[in-house]
Amino acid sequence: MFGGSKDKAGGSVLARVPKSTFRAHIADGLRAAILNGDIEPGAQLVETTLADQFGVSRGPLREAMRQLIDEGLLIAVPYTGTHVVGLSVDDVREIYSMRVTLEIFAFEQIWARRDQAFRQGLVARRDALTACIDAEDDAASIVAELQLHGFVYEATGHKLLIRTWESIRGRLQLYWAAHHRAHGIRGPRRDGHDRYVAMALSDDFDALKSEITDHMARGGRQTEDFLRGREAGAAKHA
């Protein structure tokens, strides 16, 4: 997949690709394999096997794996290696309860500073999500939904808050991808974020807080129901 093709001089074309770009390509391929379900949640990653599959050396593969650890898709377990994060109801509850607090806090930081650029940026991301949904591109819809919610974090300029958001967005990607794949869903409801955007651009902060709480609760319940069904199915076939 990432094996270097030869140029006319017989050298590897990939040898001229900047190291950071090469690592990003590997990370993209590994992330796609996880989100597509080719590598199951909770699975242990074997470096030698992955290096062979991707046609790369273990050095850049390790760098790509560290990137996915930072994104929250992988977890390094002492003495046992690196694993794809697992899926659990308790984890979902923790993530969604934290998201409510984080997102309300982010809007508190930016509320008085919302200008025309903020409004245009938020609407543009909502429109980008809608376009992905209309195209029935599930992978792109998930990324676009995360980018929509991530906009307020970016706008705050609060570095610790942004890093905290980035640490959980990978897990959200994994949950949504597994949920959508299991139920044949192609992205969220087309109008599912209209009220969120409307309240974010309104003058009623209390209404926004209520919408964030309700919005996250709906998403959390759907994901919990999916996981319970998944666990019941696994127990039935055990």
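Rules behind the numbers
Residues numbered from 1 in each chain as written. Predicted model: local features only at pLDDT ≥ 70, side-chain atom pairs only at ≥ 80, totals over all residues. Heavy atoms only, no water. Helix = DSSP H or I, 4+ residues; strand = E, 2+ residues; numbered from the N terminus. Buried < 20%, exposed > 50% of the residue type's maximum accessible area, 1.4 Å probe, protein only. Contact = heavy atoms within 4.5 Å. Areas by Shrake-Rupley, 256 points an atom, 1.4 Å probe, with all protein chains shown as cover. Phe/Tyr/Trp six-rings, centres within 6.5 Å; stacked < 30°, edge-to-face > 60°. Core = buried A, V, L, I, M, F, W, Y, C linked by side-chain atoms within 4.5 Å. Domains from an automatic or database assignment. Axes fitted to C-alpha atoms, helices over the stretch in contact; angles between N-to-C directions. Parallel < 35°, antiparallel > 145°, perpendicular 65-115°, else oblique. Nonpolar A, V, L, I, M, F, W, Y, C, P; charged D, E, K, R; others polar. pLDDT = per-residue confidence, 0-100. Salt bridge = Lys/Arg side-chain N within 4 Å of Asp/Glu carboxyl O. Pairing = 2+ DSSP bridges.

Q: Let's hear about the overall build of the chain: which residues, and what values?
A: A count of helical and extended segments in the chain gives 9 helices and 3 strands. Along the chain, from the amino end to the carboxyl end, the secondary structure elements read α-β-α-α-β-β-α-α-α-α-α-α. Considering the chain as a whole, with its 238 residues, one finds that 45% of them fall into the buried category. Pairs at least 24 apart in sequence give 73% of the contacts found in the chain among residues at least 6 apart. Approximately 12500 Å² of the chain is accessible, and the part contributed by carbon and sulfur atoms is 52%.

Q: Could you give an account of the side chain of Gln173, naming the residues involved and the relevant values?
A: By secondary structure assignment, the location of Gln173 is in helix H7 (residues 159-183). Once residues within four sequence positions are removed from consideration, Gln173 is found in contact with Arg31, Leu35, Ile142, Val143 and Leu146.

Q: Hey, could you go over the packing of aromatic side chains for me, with residue numbers and the actual values?
A: One pass over the structure, following the stated rule, counts 4 aromatic pairs. Ring centres of Phe118 and Phe151 lie 5.2 Å apart, and the angle between their planes is 45 degrees; on these two criteria the pair is classed as tilted. With Phe118 in helix H5 (residues 116-134) and Phe151 in helix H6 (residues 138-156), the pair connects residues that are 33 residues apart, well separated along the chain. With a relative accessible area of 12%, Phe151 lands in the buried category.

Q: Account for the nonpolar core, with residues named and values stated.
A: With 67 residues, the main nonpolar core has Leu30, Ile34 and Phe107 as its most contacted residues. There are two domains that each give this core at least three residues, and those are domain 1 (22-84) and domain 2 (89-229). Ignoring any residue separated from it by four or fewer positions in sequence, one finds Leu30 in contact with Ile39, Leu45, Leu50, Phe54, Met65, Leu68 and Leu74.

Q: Tell me about the packing of helix H2 (residues 47-54) against helix H3 (residues 58-71), residues and numbers included.
A: Close contact between H2 and H3 brings their axes to 10 Å; oriented N to C, the two are set at 105 degrees. By the criterion of interaxial angle, the relationship of H2 to H3 is roughly perpendicular. The residues of H3 that touch H2, namely those facing Glu47, Thr48, Leu50 and Ala51, are Arg58, Leu61, Arg62 and Met65. Residue composition of the contact of H2 with H3, by class: 4 nonpolar, 1 polar and 3 charged.

Q: Describe the confidence of the model for the chain, listing the residues and the values that go with them.
A: For the chain, per-residue confidence averages 85 on the pLDDT scale, and 89% of positions sit at 70 or higher. Note that residues 1-17 has pLDDT below 50 and, in this model, 25 contacts with residues that lie over four places away or in other chains.

Q: Any details on unusual backbone geometry? Residues and values, ideally.
A: Unusually for a residue other than glycine, Tyr79 sits at a positive phi of about 70 degrees. Locating Tyr79 in the fold gives a position in the loop between strand S2 (74-77) and strand S3 (81-84). Judged by relative accessible area, Tyr79 falls into the exposed class, the value being 88%. In this structure, Glu136 is a non-glycine residue whose phi angle is positive, near 55 degrees. With respect to the helices and strands, the residue Glu136 is situated in the loop between H5 and H6.

Q: I'd love a proper account of the pattern of salt bridges, names of residues and values included.
A: Applying the stated criterion across every chain yields a total of 17 salt bridges. Between Arg125 and Glu154 there is a salt bridge; the shortest N-O distance is 2.8 Å. Of this pair, Arg125 sits in helix H5 while Glu154 sits in helix H6, and the two are 29 residues apart along the sequence. For Glu224, the salt bridge is made with Arg228, and the minimal N-O distance between the two is 3.1 Å. In this pair, Glu224 and Arg228 both sit in helix H9 (residues 205-236), 4 residues apart, roughly one turn of the helix. By relative accessible area, Arg228 is classed as partly exposed at 38%.

Q: Can you tell me about the pairing of S3, naming the residues and giving the values?
A: Pairing of strand S1 (residues 44-45) with S3 involves 2 bridges; the strand directions are antiparallel. Residue Leu45 lies in a different strand from S3, and its bridge partner there is Thr82. Counted between consecutive antiparallel strands, the loop separating S2 from S3 contains 3 residues, among which Tyr79 sits at a positive phi close to 70 degrees.

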